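# Residue-level structure breakdown
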Amino acid sequence: KPPSADRSKTSKPCWTEAREGRPYMISLFRSRNGLRYYLFRGIGLSILLVLGIFGEGTWQVYHTGSQPLPGHVRADAALVLGAAAWDKRPSPIFRERINHAITLYQSHRVEKIVFTGGTPKKGYMTEAEVGRRYALKQGIPAHNILFENTSRNTYENIRNIRPILRAEGIGSIIIVSDPYHLARALEIASDLDIEAYISATPTTRFDQSKEKNKFLLQESYALFLYRIGKWSENFWDWLTMSKTEDE
């Protein structure tokens, strides 16, 4: 017998199984070439991709936060990212950020200090106003302090200060915040075409192992969401642009 005849007895195509009463779609799902195989393969690859992006972001958050500010770096201003304020007093986290910016100013590494941050409740001082008030008490001249008091998150902190930086002729900044906060802040500044360096606060309440790991995961997740949103927006812009060009 020819070889082709032997193969026809040992292997039955999907349509033969369907003739014998077996649903055609079930045979497709059970086959390595079926829909279920490709569906689960796609899901698995998607999970691996997400884990890879998240893992890379976690490493970047950790690595960026552990990098010291190079000794030769000078900038026009220190940008203090907002944090909680208790009425007219900065919270411990915010106070450490302000103190670190003051240190940069007093060591002549920056010429001005910029504060950002609004208020969660009407009738209370904004985070930026609290920071400015604290810096004035530490002897920083008022003409070397800038602030914006409308932002509610890290992205708005940096975006809202951009027109003020341009108006004041500030071309470069040193972003001051807690170590694990800096990777996301630096990427946002880069996306907004702001020349930025980073300098982490030397002390933070996140020094304890449990709080430190929790903050690392929170910032890794925040960076992940920021990137997904950014990539989605870029993809949509590309898609609509391509559609417009075709028309």
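First, a word on scope: everything that follows refers to the structure included in this document. These numbers were taken from a predicted model, which means no experiment stands behind them. (Residues numbered from 1 in each chain as written. Predicted model: local features only at pLDDT ≥ 70, side-chain atom pairs only at ≥ 80, totals over all residues. Heavy atoms only, no water.)

Turning to the pairing of strand E1 (residues 77-80), a few remarks are in order. By the alternation rule, side chains of E1 split into Ala77 and Leu79 and Ala78 and Val80, which are all buried. By the bridge criterion, four bridges tie E1 to strand E4 (residues 112-116) in an arrangement that is parallel. Each bridged residue has a counterpart across the sheet, and for Ala77 the counterpart in E4 is Lys112. Here E1 runs beside strand E6 (residues 172-177); their pairing, made up of four bridges, is parallel. Bridging from a neighbouring strand, Ala77 pairs with Ile173 of E6. (Buried < 20%, exposed > 50% of the residue type's maximum accessible area, 1.4 Å probe, protein only. Helix = DSSP H or I, 4+ residues; strand = E, 2+ residues; numbered from the N terminus. Pairing = 2+ DSSP bridges.)

The five strands lie next to each other as E5-E4-E1-E6-E7, forming an open sheet whose pairing is parallel. The outermost strands of the open sheet, each flanked by one partner alone, are strand E5 (145-148) and strand E7 (195-200). Direction aside, the axes of adjacent strands within the sheet are offset by 25 degrees on average. (Axes fitted to C-alpha atoms, helices over the stretch in contact; angles between N-to-C directions.)

Right, let's get into the packing of aromatic side chains. Two aromatic rings, taken as a pair, are described by how far apart their centres are and by the angle between their planes. Scanning the model with the defined rule gives five aromatic pairs in all. Each ring, one from Trp59 and one from Tyr62, has its centre 6.1 Å from the other, and the planes form 35 degrees; the classification is tilted. Taken together, the residues span about one helical turn, with Trp59 and Tyr62 both in helix H4 (residues 35-65) at a distance of three residues. Judged by relative accessible area, Tyr62 falls into the partly exposed class, the value being 42%. Note on Tyr155 and Tyr226: the rings are 6.3 Å apart at their centroids and 40 degrees apart in plane angle, and the pair reads as tilted. With a gap of 71 residues between them, Tyr155 in helix H7 (residues 154-167) and Tyr226 in helix H9 (residues 209-246) connect regions that are remote in the sequence. (Phe/Tyr/Trp six-rings, centres within 6.5 Å; stacked < 30°, edge-to-face > 60°.)

This next bit is on a nonpolar patch on the surface. A surface patch of nonpolar side chains, amounting to about 720 Å² of accessible area, comprises Leu39, Phe40, Ile43, Leu45, Ile47, Leu48 and Leu51. Along the chain, the position of Leu39 falls in helix H4. (Patch = residues over 30% accessible without salt bridge, like charges linked within 9 Å, V, L, I, M, F, W, Y side chains within 5 Å. Areas by Shrake-Rupley, 256 points an atom, 1.4 Å probe, with all protein chains shown as cover. Salt bridge = Lys/Arg side-chain N within 4 Å of Asp/Glu carboxyl O.)

Another point: the packing of helix H5 (residues 92-106) against helix H6 (residues 127-137). At a minimum axis distance of 10 Å, the contact between H5 and H6 shows a crossing angle of 50 degrees. The angle between H5 and H6 falls in the class oblique. As for how H5 packs across H6, the hand of that crossing is right-handed. On the side of H5, the interface is formed by Phe94, Arg95, Ile98, Asn99 and Ile102, while H6 contributes Glu127, Val130, Gly131, Tyr134 and Ala135. Classifying every residue of the contact of H5 with H6 gives six nonpolar, two polar and two charged. (Parallel < 35°, antiparallel > 145°, perpendicular 65-115°, else oblique. Left-handed = near helix turned anticlockwise from the far one by under 90°. Contact = heavy atoms within 4.5 Å. Nonpolar A, V, L, I, M, F, W, Y, C, P; charged D, E, K, R; others polar.)

Turning our attention to the pattern of salt bridges. With the rule as written, the count across this model stands at six salt bridges. Note that Arg97 is salt-bridged to Asp178, the shortest N-O span being 2.8 Å. Of this pair, Arg97 sits in helix H5 while Asp178 sits in the loop between E6 and helix H8 (182-191), and the two are 81 residues apart along the sequence. Taken as a pair, Arg97 and Asp178 share a single burial class, namely buried. Three or more residues are tied together by salt bridges with common partners; here these are Glu56, Glu187, Asp191, Arg227 and Lys230.

The next thing to look at is the packing of H7 against H8. How two helices pack is summed up by the angle between their axes together with the distance between the axes. In contact at an axis separation of 10 Å, H7 and H8 are set at 35 degrees when each is read in the N-to-C sense. In the crossing of H7 with H8, the sense of the turn from one axis to the other is right-handed. Residue-level contacts link Thr154, Tyr155 and Ile158 of H7 to Arg184, Ala185, Ile188 and Ala189 of H8. Among the residues forming the contact of H7 with H8, the class breakdown is five nonpolar, one polar and one charged.

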